[in-house]
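# Summary of structural features
The residues making up each chain are set out below.
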Amino acid sequence: MDLAGRLQKLEELVRDAKSMPLSSSALLNRDEVLEMIQEMEESLPEEIKQARWIVKDREELLAKARHEAERIVEQARDDQLRMARKEEVVQRATEEADRIVADAEQQAVDARAEAESYVDGKLAQFEAALRRILEGSQNANRALAKTLDQVELGRERLRAPTTAAEQEFGPGPVAEGQLFDGDGEA
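Residues numbered from 1 in each chain as written. Predicted model: local features only at pLDDT ≥ 70, side-chain atom pairs only at ≥ 80, totals over all residues. Heavy atoms only, no water.

## Quick word on the packing of helix 1 (residues 3–16) against helix 2 (residues 30–43)
Formally: Axis lines are fitted through C-alpha atoms, for helices just across the contact stretch, and the angle between N-to-C directions can take any value from 0 to 180 degrees. Runs of E in the DSSP output that reach at least two residues are strands. Runs of H or I that reach at least four are helices, and both are numbered from the N terminus. In this scheme, roughly parallel covers angles under 35 degrees and roughly antiparallel covers those over 145, while 65 to 115 is roughly perpendicular and the rest are oblique. The crossing is said to be left-handed when, going from far helix to near helix, the turn is anticlockwise and less than a right angle, and right-handed when the turn is clockwise. Every residue pair with non-hydrogen atoms within 4.5 Å of one another is taken to be in contact. Asp, Glu, Lys and Arg are counted as charged, while Ala, Val, Leu, Ile, Met, Phe, Trp, Tyr, Cys and Pro are counted as nonpolar; the rest, among them Gly, fall into the polar class.
Taken N-terminus to C-terminus, the directions of helix 1 and helix 2 make an angle of 165°; their axes are 9 Å apart at the nearest point. One finds that helix 1 runs roughly antiparallel with respect to helix 2. Judged by the twist between their axes, the crossing of helix 1 over helix 2 is left-handed. On the side of helix 1, the interface is formed by Leu3, Arg6, Leu7, Lys9, Leu10 and Leu13, while helix 2 contributes Glu32, Val33, Met36, Glu39, Met40 and Ser43. Split into classes, the residues belonging to the contact of helix 1 with helix 2 amount to seven nonpolar, one polar and four charged.

And the structure:
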């Protein structure tokens, strides 16, 4: 007998059961009802049993899937937060690098200006020293020229007649180079 027939037999058993006086309760043979229920359970088609297992597995899978989805969402939130923090760190690092480069460029400009100022100062000192040397050299040239003029004047005086008569009449019969007698004495 199939499941539908057994259910119908159980229904008839309940209808035909003797009623309790002044009550809607009925007297049934317990063993007979339990036996019928057991037969119905045994006659349940295999598909229904499998369907129950499938439903149970489906519920377990859904629970696992929900749990996995929650874990993935949480992981995604953590990843998003971590990436945002990394982005913030990268932005801070970029700003710091830009600041360091700007500082280095300013230091280079300052160092160059300082070096140029130092070199300009040294060149000014060198120029002043060269001007002093040039001035000293020009003074020495003037002094040498003056000395040379004095030497020439002195030579001219030496060549000039020494007495008034010699100045007036010129040198005597003794020519230059004849200041010595024939013996070589003066």
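## A word on helix 1
To keep it simple, the criterion reads: Helices are assigned an expected span. That span is 1.5 Å times one less than the residue count. Three labels apply to residues, based on accessible area from a 1.4 Å probe with only protein chains included: buried if under 20% of the type maximum, exposed if over 50%, partly exposed otherwise in between. Our arc is simply the arc of the directions from the helix axis toward the C-beta atoms.
For helix 1, which comprises 14 residues, the first-to-last C-alpha distance of 20 Å matches the rise-based estimate of 20 Å (1.5 Å per residue) to within 8%. Taken together, the buried positions of helix 1 are Gly5, Arg6, Leu10 and Leu13. The arc enclosing the buried residues of helix 1, seen along the axis, measures out at 140°, which places them on a common side. Across helix 1 from its buried face, at more than 90 degrees, point the exposed residues Ala4 and Arg15. Buried residues belonging to helix 1 abut helix 2.

## Things to note about helix 2
Note the threshold: Under the rule applied, a polar contact is a pair of N or O atoms within 3.5 Å (in protein, one hydrogen donor and one hydrogen acceptor; residues adjacent in sequence only if both atoms are side-chain atoms).
For helix 2, spanning 14 residues, the distance from its first C-alpha to its last is 20 Å, which sits close to the expected 20 Å at 1.5 Å a residue. Buried residues belonging to helix 2 abut helix 1. For helix 2, the side-chain oxygen to backbone nitrogen distance between the N-cap and Asp31 is 3.2 Å, and the N-cap itself is Asn29.

## Examining the nonpolar core
Selection criterion: Side-chain atoms within 4.5 Å link the members of a nonpolar core, which is a set of buried Ala, Val, Leu, Ile, Met, Phe, Trp, Tyr and Cys residues.
Within the largest apolar cluster, five residues are counted, these being Leu10, Leu13, Val33, Met36 and Met40. Listing elements by their share of this core, those giving two or more residues are helix 1 and helix 2. Looking at this core element by element, the count peaks at three residues for helix 2. Aside from chain neighbours lying at most four places away, what touches Val33 is Leu10, Leu13 and Leu28.

## Section: the pattern of salt bridges
We count it as follows: Salt bridge, as applied in this entry: a Lys or Arg side-chain nitrogen positioned within 4 Å of an Asp or Glu carboxyl oxygen.
Under the counting rule described, the total for this entry stands at eight salt bridges. Put simply, Arg99 and Glu96 hold a salt bridge, and the shortest N to O gap is 2.4 Å. Pair noted here: Arg99 and Glu96 are both in helix 3 (residues 46–159), with a separation of three residues, about one helical turn. According to the relative accessible area criterion, Glu96 is partly exposed, its value standing at 35%. Salt-bridge contacts for Asp103 lead to Arg99; the nearest nitrogen and oxygen are separated by 2.7 Å. Of the two residues, Asp103 and Arg99 both sit in helix 3, four residues apart, roughly one turn of that helix. On the basis of relative accessibility, which here comes to 41%, the residue Arg99 falls in the partly exposed class.

## Here's the deal with the confidence of the model for the protein chain
Selection criterion: By definition, pLDDT measures how confident the predictor is in each residue, and it falls between 0 and 100.
Averaged over the protein chain, the pLDDT score is 82; the fraction of residues at 70 or greater is 84%. Considering each helix and strand of the protein chain separately, the mean pLDDT is smallest for helix 4 (residues 164–169), with a value of 64, and largest for helix 3, with 89.

## Things to note about a nonpolar patch on the surface
So the rule is basically this: Patch definition: residues with relative accessible area over 30% and no salt bridge; like charges joined within 9 Å; nonpolar side chains (Val, Leu, Ile, Met, Phe, Trp, Tyr) joined within 5 Å. Accessible areas in this description were obtained via Shrake-Rupley with a 1.4 Å probe; residue shielding takes into account the shown protein chains only.
Taken together, the side chains of Tyr118, Val119 and Leu123 present a nonpolar region at the surface, about 320 Å² in accessible area. Along the chain, Tyr118 turns up in helix 3. Residue Tyr118 is classed as exposed on the basis of its relative accessible area of 55%.

## Some thoughts on the environment of Val33
Position of Val33 among the secondary structure elements: in helix 2. A relative accessible area of 17% means that Val33 is categorised as buried. Residues Val33 and Leu13 lie 20 residues apart in sequence; the distance between their C-alpha atoms is 8.2 Å.

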